[in-house]
Amino acid sequence: MELYYSFSMLIVLASLFAYINLRFLKLPSTIGIMLMAIFASIVIRFFGNTLFPETTHKLFKLISEMDFTEILMGAMLNFLLFAGAVHVNFADLRQQRLPVLVFSTISVILSTFVIGGILFYITPLFNVELPFLYCLLFGALISPTDPIAVLGILKKAKVSKALETKITGESLFNDGVAVVLFAVILQLTQTDDAQISLGSISWLLAKEAIGGLALGAVLGYTASKAIRSIDDYIVSALITLSVVMGGYLIAHSIHISGPLTMVAAGLLIGNYGKKVAMTPLTKDYLTKFWELLDEILNAVLFLFIGFELLLIPDFETYWVISVVAIFIVLIARFLSIFIPSLIVPFKPRLTRGSLTMLVWGGLRGGVSIALVLSVNNGVYKELLLEMTYFVVVFSIVVQGLTVGKVANRVLVKPVRKVSVPEHV
């Protein structure tokens, strides 16, 4: 009953904020909901105990007791990744396979160490002590671009299909690398005698990535075959739901990447399955079903992100270094894209406009917050949480609201006026 009560409150608030945004603010849905949740959090922090103490106490209890890491990483992320992958064209992704592979692996690792290195040398200037391993930990959790935020914002931005595929593909695949890096560094921070080597990290990455992709491919192919043998859109929808929910349980039990499992399964069903296994009616219903589920879960997720503000006990201590962290993350994002583009023979080469869009369109979101909340309570968690929250909010609000304008400025070539001589 307590779980039902909690989710009921979240759905009611999400629908209320979504209505207000659509009726009055007219912002992108996820951004509008998050901003209203942040505003509500500020009001509650400063005036809640005076104006409505009982409601404030219940909301604080609801947010603090919810395991955001488990809810997002163990449940919502699987649905959202599958829903996003179902709509990705595999032919477009195959054309951009080299940049997607490089940006989702090498760039994540490079960004982690750039952020960790800069942060380690800058924090003492602000009278903040953060050990190098914790600087790397922040780099690992903030480096992956968030597939949920990226997919939601790119729907509104007018960019080329090739660039959209690069950004979307990277965001779908980089979670596996980031989560493994984060887990390894977190283990190093918690014990002095952790037996971690380059070989063990490489094996862990290979097992997570290859295992997840292989399992997803098997699930997607099996589900497509099952859907092909029937002609019923209701049963087909149930089959896809079972792929997501059952697939995560299998991936979790054999310790492989759940996110990559969902991506592979979604790609296969969204391409092979729709092409050979579905009637037009089934295809239409499944597309609308997953679009609706995607929008509902996105609304709840960004409501979560907004209300996570209530978990930060004090903004006065670390707000300066948190603002600085925004610029560090942007610099690291630029270097992690620019350096590989100089070395790897991309065809065609990245233009300055594409590089700008890859940097500015690399949004951070719920995955980073879920990872930082999974860090054990200690002397550095408050700093890590506050820096993460500042970066995520800036990324979603500022970068998310301006990515379309940036695309128009750096990608659209101005039309040159041709002067026509006057005839006398």
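As a starting point, this report considers the structure included with it. (Residues numbered from 1 in each chain as written. Predicted model: local features only at pLDDT ≥ 70, side-chain atom pairs only at ≥ 80, totals over all residues. Heavy atoms only, no water.)

### Let's talk about helix α16 (residues 366-373)
Phase 1 of the analysis: Among the eight residues of α16, eight are classified as buried, and the element is accordingly described as predominantly covered.
Phase 2 of the analysis: If you check which residues of α16 are buried, you get G366, V367, S368, I369, A370, L371, V372 and L373. (Buried < 20%, exposed > 50% of the residue type's maximum accessible area, 1.4 Å probe, protein only. Helix = DSSP H or I, 4+ residues; strand = E, 2+ residues; numbered from the N terminus.)

### Looking at the packing of helix α11 (residues 233-253) against helix α12 (residues 258-276)
Phase 1 of the analysis: Interhelical geometry of α11 versus α12 gives an angle of 150 degrees and a closest axis separation of 9 Å. As summarised for this structure, α11 and α12 are arranged roughly antiparallel, according to the angle between their axes. When you trace α11 past α12, the crossing you get is right-handed. Here T240, V243, V244, G247, Y248 and A251 of α11 come into contact with α12, specifically with G258, T261, M262, A265 and I269.
Phase 2 of the analysis: Of the residues assigned to the contact of α11 with α12, the class counts are seven nonpolar, four polar and no charged. (Axes fitted to C-alpha atoms, helices over the stretch in contact; angles between N-to-C directions. Parallel < 35°, antiparallel > 145°, perpendicular 65-115°, else oblique. Left-handed = near helix turned anticlockwise from the far one by under 90°. Contact = heavy atoms within 4.5 Å. Nonpolar A, V, L, I, M, F, W, Y, C, P; charged D, E, K, R; others polar.)

### A closer look at the side chain of S104
Phase 1 of the analysis: Of note, S104 is situated in helix α6 (residues 97-122).
Phase 2 of the analysis: On the basis of relative accessible area, S104 is assigned to the buried category, the value being 4%.
Phase 3 of the analysis: Of note is the side chain of S104, whose polar atom sits 3.2 Å from the backbone oxygen of L101.
Phase 4 of the analysis: Excluding residues that lie within four positions of it along the chain, S104 makes contacts with E170, F173, N174 and V177. (Polar contact = N/O pair within 3.5 Å; in protein donor to acceptor, adjacent residues only side chain to side chain.)

### Describing the packing of aromatic side chains
Phase 1 of the analysis: Considering all chains together, one arrives at 13 aromatic pairs under this definition.
Phase 2 of the analysis: Both rings, one in F82 and one in W290, keep their centres 4.7 Å apart while their planes meet at 55 degrees; by these two values the pair is tilted. With F82 in helix α4 (residues 68-86) and W290 in helix α13 (residues 280-307), the pair connects residues that are 208 residues apart, well separated along the chain.
Phase 3 of the analysis: Among the aromatic residues, those joined into a cluster by ring pairs are F79, F82, F289 and W290. (Phe/Tyr/Trp six-rings, centres within 6.5 Å; stacked < 30°, edge-to-face > 60°.)

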